[in-house]
There are 2 protein chains.
Amino acid sequence: MAVDLELAPKQKRPAGEPCCEPVVYPDIQRQQAERMAAVAKALGEPIRLQLVDVLRKHAGKVCVCELVPLFDLSQPTVSHHLKVLRDAGIVDSERRGLWAFYYVIPETLKELSAWLK
Amino acid sequence: MAVDLELAPKQKRPAGEPCCEPVVYPDIQRQQAERMAAVAKALGEPIRLQLVDVLRKHAGKVCVCELVPLFDLSQPTVSHHLKVLRDAGIVDSERRGLWAFYYVIPETLKELSAWLK
DNA sequence: TACATAGATAGATGGCCGTCGATTTGGAGC
DNA sequence: GCTCCAAATCGACGGCCATCTATCTATGTA
């Protein structure tokens, strides 16, 4: 059984002892994982990922009034999801008169993409 | 106001009419977005992303009994999170005697990484 | 001024999900 | 058979979150 390269309990140990040496997991990695998890969480809702998908398909910025009819959801619900995406730093918005235009911030997605790779 | 390249309401329209032409959003893209959202959702919990982080730091496979003491969580909770990751196709496991060894399936992460890029 | 419209916010509701302790499963060894 | 142990599953609880309707804010127009 080739467990040499693997992280396995080191040996048989007396009952009552902890099962194995704790693996080190540095705080820096922990913090970055938490940051990435926050971005992933925002993308974890199908509607939000679809919003991102639509937004980045357009070079410019997309009016909210174009986004709402794409989904079988109320306007406040879409507005809520856009806010979640904005709070996660995935999109940003810009107001022009009555209209609000949303656009993707590519760096945030790139950051997660790089972490996953 | 330069909205030429942007997705903006096309014109003033009579009251009562829908606010704008619906943007086309093909079902294929919708389906893939939903698949990617499922993966992102599984990664959206800090503990789960940390589990993935630990697993991929090791070339081989990691025993559950090594993972549990890394977090301030009960054994059933860690087991639950591992199951969520496995159901999403992000990790898989292999039993050897009393121990269970988990490992990352790199393709799934690559797929999401590519989608984000 | 008043009115209409786009989008954001507030508050309520229902369901999902993370967590736990208790129990079960299944393999190892006696 | 029996016991011990690692891991998974069960059942319950509590909090978070997606959704809605209703309302508010802000801007444009008459």
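Residues numbered from 1 in each chain as written. Chains lettered and ligands numbered in written order. Predicted model: local features only at pLDDT ≥ 70, side-chain atom pairs only at ≥ 80, totals over all residues.

**Here's the deal with the overall build of chain A**
In terms of helices and strands, chain A carries five helices and three strands. The order of helices and strands in chain A, counted from the N terminus, is α-α-β-α-α-β-β-α. Burial analysis of chain A (117 residues in total) assigns 27% to the buried set. When contacts within chain A are restricted to residue pairs at least 6 apart in sequence, those whose partners lie at least 24 apart make up 52%. (Helix = DSSP H or I, 4+ residues; strand = E, 2+ residues; numbered from the N terminus. Buried ≥ 20, exposed ≤ 12 C-beta atoms within 10 Å, placed from the backbone. Contact = placed C-beta atoms within 7 Å.)

**Overview of helix H5 (residues 106-116) of chain A**
Of the residues making up H5 of chain A, those classed as buried are Thr-108, Leu-109, Leu-112 and Leu-116 of chain A. In a view along the axis of H5 of chain A, the buried residues occupy a sector of 95°, so they form one face of it. Across from the buried face of H5 of chain A, at angles greater than 90 degrees, the exposed residues are Glu-107 and Ala-114 of chain A. In this structure, the buried side of H5 of chain A is in contact with helix H1 (27-43) and strand S3 (99-104) of chain A together with helix H5 (106-116) of chain B. (Arc of directions from axis to C-beta.)

**Focus: the nonpolar core**
Formed by 50 residues in total, the largest nonpolar core has its most connected members in Ala-40 of chain A together with Ala-40 of chain B. Setting aside residues no more than four positions away along its own chain, Ala-40 of chain A makes contact with Leu-112 of chain A together with Ala-40, Leu-43, Gly-44 and Leu-49 of chain B. (Core = buried A, V, L, I, M, F, W, Y, C linked by C-beta atoms within 7 Å.)

**Looking at helix H1 (residues 27-43) of chain B**
Between its first and last C-alpha, H1 of chain B extends 24 Å over 17 residues, near the 24 Å set by a 1.5 Å rise per residue. Among the residues of H1 of chain B, Ala-33, Met-36, Ala-37, Val-39, Ala-40, Ala-42 and Leu-43 of chain B are the ones counted as buried. Against H1 and helix H2 (46-56) of chain A together with helix H2 (46-56), helix H4 (75-87) and H5 of chain B lie the buried residues of H1 of chain B. (Expected span 1.5 Å × (residues − 1).)

**Focus: the sheet that holds strand S3 (residues 99-104) of chain B**
All names here are of chain B. Taken in spatial order, the three strands line up as S1-S3-S2 in an open sheet, and their pairing is antiparallel. Only two strands of the sheet have a single partner each, and these edge strands are strand S1 (62-63) and strand S2 (91-96). Taken together, the two bridges between S1 and S3 define a ladder with antiparallel strand orientation. Across the sheet, the residue bridging to Cys-63 is Phe-101, located in S3. The sheet contacts of H4 involve S2 and S3, and relative to S2 the element is tilted by about 120°. (Pairing = 2+ DSSP bridges. Axes fitted to C-alpha atoms, helices over the stretch in contact; angles between N-to-C directions.)

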